[in-house]
Amino acid sequence: MKSLLIKSSTCATLALLFLFGTTLSASAQDGRIQLGQLEHLTAKASDTITVNLDEKLMQIAAKFLSGADEDEIKVKELINGLKGIYVKSFEFEREGDYTTADLESIRTQLRGPSWSKIVNITSKKDGSLEVYLMSDTSKLGGLAILVSDPKELTIVNIIGPVDLDKLSQLEGKFGIPELNVTKPKNKPRN
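Residues numbered from 1 in each chain as written. Predicted model: local features only at pLDDT ≥ 70, side-chain atom pairs only at ≥ 80, totals over all residues. Heavy atoms only, no water.

**So, a nonpolar patch on the surface**
As a reminder of what qualifies: Patch building starts from residues that exceed 30% relative accessible area and form no salt bridge, then joins like charges within 9 Å and nonpolar side chains (Val, Leu, Ile, Met, Phe, Trp, Tyr) within 5 Å. Note on areas: Shrake-Rupley with a 1.4 Å probe; residue coverage comes only from the protein chains shown. Salt bridge criterion: a side-chain nitrogen from Lys or Arg within 4 Å of a carboxyl oxygen from Asp or Glu. Numbering of helices and strands runs from the N terminus, with a helix taken as a DSSP run of H or I at least four residues long and a strand as a DSSP run of E at least two residues long. Note on classification: 1.4 Å probe, protein chains only; a residue is buried when its accessible area is under 20% of the maximum for its type, exposed when over 50%, partly exposed between these limits.
The grouping of L57, I60 and F64 at the surface amounts to a nonpolar patch, some 340 Å² of accessible area in total. Positionally, L57 belongs in helix α2 (residues 55–64). Looking at L57, the relative accessible area reads 40%, which means it is partly exposed.

Here it is in structure tokens:
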């Protein structure tokens, strides 16, 4: 009887894990990354930033951007087609307050067929930067950025058609970090 109870609870647990994994995978396929599994880090962090801007909130925010400032006009154009901007950032006083398992819970969602890792920078001293694009056929449908160093972890998730040329204009706004990633310039032909 005890053996049967253990087997049935194991099967139930596996079924729940499968359903949970399917839900996470499906959510990431529409561009939205689930960040709830990182909430336990809030208690360990000295500073936490959370930005949750869905399409309605971005439209309201865009109304407050002036039509006179050139930078605000560009930001308004860029966020016009977006479906959401989500940021979660933690700063810790000690190294080791988050683990690779915490990062892996995000990376797992980005392994679907529509996500592609386009940037991977790793430094033992400075941490890492990973950039993922979500695309279906010819258009980009989302962007995910993971920035980690020994005392900081930031995840940025932008949902909707992403114009990479205009995206750099969002750096430093809406909680998106300054990445200083520049587009390579074409070499002049000789």
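Text resumes after the structure shown.
**Looking at the packing of aromatic side chains**
Applicable threshold: Two aromatic rings, drawn from Phe, Tyr or Trp (for Trp, its six-membered ring), form a pair once their centres lie within 6.5 Å of each other, and the interplanar angle then sorts them: stacked below 30 degrees, edge-to-face above 60, tilted otherwise. Only Lys NZ and Arg CZ are tested; either one counts as a charge over a ring when it is within 6 Å of the ring centre and within 35 degrees of the ring normal.
All told, the structure shown has two aromatic pairs when counted by the stated rule. Arranged with centres 6.1 Å apart and planes meeting at 20°, the rings of F90 and F92 form a pair that is stacked. The class of F90 is buried, set by a relative accessible area of 0%. Given a relative accessible area of 3%, F92 falls into the buried group. Feature note: the residues F90, F92 and Y98 constitute an aromatic cluster, connected by ring pairs. Taking NZ or CZ as reference, R32 lies 3.5 Å from the ring centre of Y86, over its face.

**Here we look at the confidence of the model for the protein chain**
Convention followed: Confidence of the predictor at the level of single residues is captured by pLDDT, which takes values from 0 to 100. The criterion used for residue contact is that any of the two residues' heavy atoms lie within 4.5 Å.
Per-residue confidence for the protein chain gives a mean pLDDT of 75; residues scoring 70 or more make up 69%. Confidence drops under a pLDDT of 50 for residues 1–28, and excluding neighbours within four residues, the segment shows seven contacts in the predicted structure. The model gives residues 182–190 a pLDDT under 50, and that stretch makes one contact with residues more than four places away or in other chains.

**Notes on the sheet that holds strand β6 (residues 152–159)**
As a reminder of what qualifies: Here, a strand pair is defined by DSSP locating no fewer than two bridges between the strands. Between N-to-C directions, angles span 0 to 180 degrees; the directions come from axes that are lines fitted to C-alpha atoms, helices contributing only their stretch in contact.
Strand order across the open sheet formed by six strands is β1-β2-β6-β5-β4-β3, with antiparallel pairing between neighbours. The two strands at the open ends of the sheet, each matched to only one other strand, are β1 (47–54) and β3 (115–123). Ignoring strand direction, the axes of neighbouring strands in this sheet form an average angle of 5°. As paired elements, β1 and strand β2 (residues 84–91) share eight bridges and run antiparallel to each other. Bridge pairing in β2 links T50 to K88. Its contacts with the sheet place α2 against β1 and β2, and it is angled at close to 90° to β1.

**Concerning the pairing of β6**
The side chains of a regular strand alternate, residue by residue, between the two faces of the sheet. Among the eight residues of β6, seven are classified as buried, and the element is accordingly described as predominantly covered. By the bridge criterion, eight bridges tie β2 to β6 in an arrangement that is antiparallel. Its bridge partner being in β6, E91 is matched across the sheet by E152. Note that strand β5 (residues 139–149) and β6 share eight bridges and pair antiparallel. Bridged to D149 within β6 is E152. What sits between β5 and β6 in their antiparallel hairpin is a turn of two residues.

**Remarks on the environment of I118**
Relative to the helices and strands, I118 resides in strand β3. C-alpha of I118 to C-alpha of Y132: the two residues are 14 residues apart in sequence and 5.7 Å apart in space. Excluding residues that lie within four positions of it along the chain, I118 makes contacts with V131 and L133.

**Details of the pairing of strand β4 (residues 127–136)**
Among the ten residues that make up β4, eight are buried, leaving the element largely enclosed by the rest of the structure. Where β3 and β4 come together, eight bridges link them in antiparallel fashion. The residue bridging S116 from the neighbouring strand is L133, located in β4. The hairpin formed by β3 and β4 contains three residues between the paired strands. Of the pairings in the sheet, the one linking β4 to β5 comprises nine bridges and is antiparallel in character. The residue of β5 that forms the bridge with L133 is L143.

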